[in-house]
Each structure stands twice: as structure tokens, then as C-alpha cells.
Amino acid sequence: MNARLELLPLVVGITGHRDLPVESEGPLRERFGELLTRMQQQHPAMKILVLSGLAAGADIVAAEVAVDRGIAVLGCLPRPQADYEIDFTPEQLARFRRVLPCCWDVVTVGASEKRDEHYVEVAAFIADYCHVLVAFWDGLPARGPGDTAPGVELGQGGLPGIARARPARDGP
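Residues numbered from 1 in each chain as written. Predicted model: local features only at pLDDT ≥ 70, side-chain atom pairs only at ≥ 80, totals over all residues. Heavy atoms only, no water.

Colleague: Explanation requested: the packing of aromatic side chains in the structure shown.
Modeller: What characterises a pair of aromatic rings is the spacing of the ring centres plus the angle enclosed by the ring planes. One pass over the full model with this rule turns up five aromatic pairs. When the ring of Tyr-84 is compared with that of Phe-88, the centres are 5.0 Å apart and the planes differ by 65°; the resulting orientation is edge-to-face. For Tyr-84, a relative accessible area of 0% corresponds to the buried category. Relative accessible area serves as the criterion here: at 10%, Phe-88 is assigned to the buried category. Judged by centre distance (4.9 Å) and plane angle (25°), the ring pair of Phe-88 and Phe-96 falls under stacked. Accessibility assignment for this pair places Phe-88 and Phe-96 in one class, buried. (Phe/Tyr/Trp six-rings, centres within 6.5 Å; stacked < 30°, edge-to-face > 60°. Buried < 20%, exposed > 50% of the residue type's maximum accessible area, 1.4 Å probe, protein only.)

So this is what it looks like as C-alpha cells:
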């Protein structure tokens, strides 16, 4: 076999909540950064590619951490940018617009006629194309279309493993 497997990227998908508690963002950034460092140490010849929907919350946090570390990010948008931006508050929109030009590339993956289904399509795309799915998740059941729990379920349907980036809790 003459294939140079190190030319293939290690693809890390992101799924997670949009409404992260403010106090959890710092610990989640740290945990995700540690996870990326471990992956780079375990696979030093492989580049890492992060797939992120760039939504507020977990998606944008993960994309910012990756960009800060020089790791490529593929932005996986549910709708064309102008339409997607309607979903953001002014602060969220500013973060989105700061990260977007730093992405290696950006694709629109939502194709459904129903707006809420676009988020489900992004979760499915990320789960289908990643090697490792990182879930910024509180472990609770889904609260709506495109929520974190269905993304985790998609990932569990055939991925070799799921890593959870969750801040350490006090006690057991």
C-alpha cells in the first residue's frame, strides 16, 4: 500500500447547545483545547479539520478555539449567510462575522423548505462526515428540532467514538 494516509485530515464535528451558561464558556474552551491538543499529539502527522455550524453557543466557541490554534474550520451553514444571520442577536452576529472569514471554507448544507429542518440537516451532515463528534451537551433530551441530543444520537449511530466537552462538576 503506497497511500499516504497522513494527507487525510482527522475530521472533528461539533454539536452543542446554543444557550451555554456564561460561566461554562471558559471551562468548555479549555476542555475543547485540551481535546484538540491530545488529538494532535496522538496523530502528529494528520491535520485536524473542525466541522461547525457556527451557531451561537457551542459551535462558535469551538470554531474560535480551533481558529486560535491554527486549526482549519469548515463552516457548515444551515442557510445562506444573509438568511442565517437573522437568527443571531447583535453580539452573536459579531462573533459569527469575526469567525466566518477565518474559516478554511464555508458550505451551505440545509436544503429543506422548513426553516427548523435546516438545523437537523446541519447536525446530520456533521455527524455523517466527521471521525469524532464532540458534544457540548448537558445530557438532557431534545427540546426542539436541531437540538444537541439528536446530533449525539446521529453520532452514536456509527461513529467510532464520541467525546464530550463538558466542564468538570463538583462531586460525583
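Colleague: Is there a simple way to think about the pattern of salt bridges in this case?
Modeller: Where charged atoms from two side chains of opposite charge approach closely, those side chains can pair. Per the counting criterion, the structure on display carries seven salt bridges. Note that Glu-25 is salt-bridged to Arg-29, the shortest N-O span being 3.4 Å. Here Arg-29 and Glu-25 lie together in helix α1 (residues 22-42), a separation of four residues that amounts to about one turn. Among the residues examined, Glu-25 registers a relative accessible area of 22% and is labelled partly exposed. The class of Arg-29 is partly exposed, set by a relative accessible area of 25%. Across the pair Arg-97 and Glu-85 runs a salt bridge, and its minimum N-O distance is 2.6 Å. Of this pair, Arg-97 sits in helix α4 (residues 90-99) while Glu-85 sits in the loop between α3 (81-84) and α4, and the two are 12 residues apart along the sequence. By sharing partners, the salt bridges in this structure join Glu-25, Arg-29, Glu-64 and Arg-95 into a single network. (Salt bridge = Lys/Arg side-chain N within 4 Å of Asp/Glu carboxyl O. Helix = DSSP H or I, 4+ residues; strand = E, 2+ residues; numbered from the N terminus.)

Colleague: Looking at this structure, I do not really get helix α5 (residues 115-129). What am I missing?
Modeller: Note on helix geometry: an α-helix contains 3.6 residues per turn, so any two residues three or four positions apart are oriented the same way. Here α5 is 15 residues long and its end C-alpha atoms lie 22 Å apart, about the 21 Å a rise of 1.5 Å per residue gives. When α5 is considered as a whole, its buried residues turn out to be His-118, Tyr-119, Val-122, Ala-123, Ile-126 and Ala-127. (Expected span 1.5 Å × (residues − 1).)

Colleague: So what exactly am I meant to see when it comes to the nonpolar core here?
Modeller: Counting 35 residues, the largest nonpolar core has Phe-32, Val-50 and Leu-54 as the members making the most contacts within it. Breaking this core down by element, the ones donating at least two residues are β1 (10-16), α1, β2 (48-52), α2 (58-68), β3 (72-77), α4 and β5 (132-136). Looking at this core, the element that brings in the most residues is α2, giving seven residues. Apart from residues lying up to four places away in sequence, Leu-54 is in contact with Asp-59, Ile-60, Ala-63, Val-73, Gly-75, Leu-77, Tyr-84, Phe-88, Phe-96, Val-99, Leu-100 and Cys-103. With 10 residues, the next largest nonpolar core counts Val-11, Leu-51, Cys-76 and Val-109 among its residues. (Core = buried A, V, L, I, M, F, W, Y, C linked by side-chain atoms within 4.5 Å. Contact = heavy atoms within 4.5 Å.)

Colleague: Looking at this model, I keep getting lost on the pairing of β5. Mind explaining?
Modeller: For a regular strand, side-chain orientation follows a simple rule: the groups alternate between the two sheet faces. Burial analysis of β5 places five of its five residues in the buried class, the great majority of the element. Here β5 shows two buried faces, one formed by Val-132, Val-134 and Phe-136 and the other by Leu-133 and Ala-135.

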